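# Descriptive analysis of the structure
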Amino acid sequence: MSSDPKQELERKLKAYVGVETGPPTPAPEPVNESMIRHWCEAMGDENPAYIDAAAAAGTVHGGIVAPPTMLQGWTLMGIEMADPAKMRKNKQTELHELLSSYGYTSVVATNCDQTYVRYLRPGDRLTATTVIESISEEKATALGIGYFINTRDVYRDQDGAEVGSMLFRVLKFKPAQQPQAAPSATSGGAPAKPTRLKPPRGHDNAWWWDALATGALPIQRCKACGVLRHPPRPMCGACQSVAWDHVFAKGGGTVYSYTVLHHPKFPGYDYPLVCAVIELDEGTRIVSNVVGCAPADVTIGMRVALSVAPVDGGMTLPFFRPAGS
Ligand SMILES: [Zn+2]
């Protein structure tokens, strides 16, 4: 068994995936007109279907309904949320405490996707259940290194029928701005430099990364019409054929367009960073970095040469340098 704390943490994290965070949370009150009115006032929403009983009676709803986006509000805890001592403990708070104990002390919400099955009406009584759907591998972000946690809330009515659901994603992270913790006696050195964001690798592009790792830049080619394409994808945009093979770029290209990134600074990258669209001599384009010259010396139309190089010890990337440099 490894004693690497990150591996140890990730082993513990696995136990939370797919777990229901606790017993179903009943809404403290039924859906009601006063809360709907307060919400609409706060949001500046004057839709009569929400606030005007007489007008709402004449709509397809036949009476007042709640704005769908109030969904989560019906089952949220009240002011007790502000007091850690009163927070109900469940698998989700336990997971956050676990990550905090490994130094991932900060949290930020990053995504919220709600799905509505039907409009809610005054009198509906909701219950919410929450499942920890997935936990990412460790990611480098502009805020710091951390783990994305996806939870899914399912909302049901008094008859047990689903009325909506919500996918909520948070990043639980080590703040990048804070001074690094002093190296411990056992680690014996400075904290490791963070690695770059790992590119997504899947069924349609794994072959490309594998071919690139041999030191050459592959370009996907349609077997039916010969048109080149990048990034890799299953179907030819020109003739819709799904038959393909690939060629290797000879290495020449021109800067089609570029931008110089200064902020935000993602861990693992050196700034300023030149991100460029390179038009390969073969006739397709690729987004890459121009390296080996000052950002101010990059121009649109300049000739560049391919340089495939390893980064972070485990990943190979294509870069472009000024031709002849
Ligand atoms: Zn084609």
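All residue numbers here refer to positions counted from 1 along the written sequence of the relevant chain. Restriction of local features to residues with pLDDT of at least 70 applies here, the model being predicted, together with a cutoff of 80 or more for giving and counting side-chain atom pairs; totals for whole chains, interfaces and linings are based on all residues.

### Some points on the overall build of the chain
Here is the rule we go by: Here a strand is any run of E in DSSP of at least two residues, a helix any run of H or I of at least four, and the numbering for each starts at the N terminus. Radius of gyration: C-alpha atoms only; globule rule: 2.2 Å multiplied by the number of residues to the exponent 0.38. Here a residue counts as buried when 20 or more other C-beta atoms sit within 10 Å of its C-beta, as exposed when there are 12 or fewer, and as partly exposed otherwise, the C-beta atoms being derived from the backbone.
Assigned secondary structure in the chain consists of 6 helices and 14 strands. At 26 Å, the chain has a C-alpha radius of gyration far larger than the 20 Å of a compact globule built from 325 residues. With the C-alpha coordinates aligned to their principal axes, the bounding extent of the chain is approximately 75 × 60 × 40 Å. Put simply, the chain has 325 residues, and 15% of those count as buried.

### Brief notes about the environment of Gly-123
Which entries qualify depends on this criterion: Note that contacts rest on C-beta atoms placed from the backbone: two residues are in contact if these are within 7 Å.
Within the fold, Gly-123 resides in the loop between strand S2 (106–116) and strand S3 (127–135). Along the backbone, Gly-123 and Met-43 are 80 residues apart, and their C-alpha atoms lie at a distance of 22 Å. Not counting chain neighbours up to four residues away, the residues in contact with Gly-123 comprise Pro-30 and Val-31.

### Here we look at the domain arrangement of the chain
Note the following rule: Domain delimitation in this document rests on an assignment produced automatically or drawn from a domain database.
Partitioning the chain into structural domains gives domain 1 (5–46 + 61–175) and domain 2 (206–322). Distance from the C-alpha centre of domain 1 to the C-alpha centre of domain 2: 40 Å.

### A few points about the confidence of the model for the chain
In low-pLDDT regions, the fine details of the predicted coordinates are not to be read closely. Definition in use: pLDDT expresses, on a scale from 0 to 100, how confident the predictor is about each individual residue.
Taken as a whole, the chain shows an average pLDDT of 90; of its residues, 94% reach a score of 70 or greater. Here residues 178–189 is a poorly scored stretch, pLDDT under 50, and it has 6 contacts once near neighbours within four places are set aside; other chains count.

### A closer look at the nonpolar core
Rules: The nonpolar core criterion groups buried Ala, Val, Leu, Ile, Met, Phe, Trp, Tyr and Cys residues into a set whenever they are joined through C-beta atoms within 7 Å.
Ranked by internal contacts, the top residues of the largest apolar core, which has 13 residues, are Tyr-50, Val-65, Ala-66, Leu-120, Leu-126 and Tyr-155. When near neighbours in sequence (up to four residues on either side) are disregarded, Leu-120 contacts Val-31, Val-65, Ala-66 and Val-163. If you look at the next biggest cluster of nonpolar residues, it comprises 12 residues, including Leu-217, Val-274, Leu-280 and Val-304.

### Considering helix H5 (residues 91–101)
For clarity, the cut-off: What the arc describes is the spread of directions from the helix axis to the C-beta atoms.
The set of residues buried in H5 consists of Gln-92, Leu-95 and Leu-99. Projection of H5 onto a plane perpendicular to its axis shows the buried side chains occupying an angular sector of 60°, all on one side. Exposed positions of H5 whose direction lies more than 90 degrees from the buried face are Glu-97 and Ser-101. Those residues of H5 that are buried are in contact with S3, strand S5 (144–156) and strand S6 (162–175). Positive backbone phi, approximately 100°, marks Gly-103, located one or two places after H5.

### Digging into the pairing of S6
Stated precisely, the cut-off is as follows: The pairing criterion for strands is at least two bridges between them, as found by DSSP.
Pairing geometry for S2 and S6, over 10 bridges, is antiparallel. Residue pairing across strands places Ala-109 opposite Val-170, the latter belonging to S6. With 13 bridges connecting them, S5 and S6 associate as antiparallel partners. The residue bridging Thr-151 from the neighbouring strand is Phe-168, located in S6. The antiparallel hairpin formed by S5 and S6 contains 5 residues in its connecting segment, where Gly-160 sits at a positive phi of about 85°.

### Describing the sheet that holds strand S8 (residues 228–229)
With respect to topology, 3 strands assemble into an open sheet ordered S8-S7-S9, the strand pairing being antiparallel. Looking along the sheet, the strands with just one partner apiece sit at the ends: S8 and strand S9 (244–248). Two elements, strand S7 (residues 218–222) and S9, share 5 bridges in a ladder whose sense is antiparallel. Each bridged residue has a counterpart across the sheet, and for Ile-219 the counterpart in S9 is Val-247.

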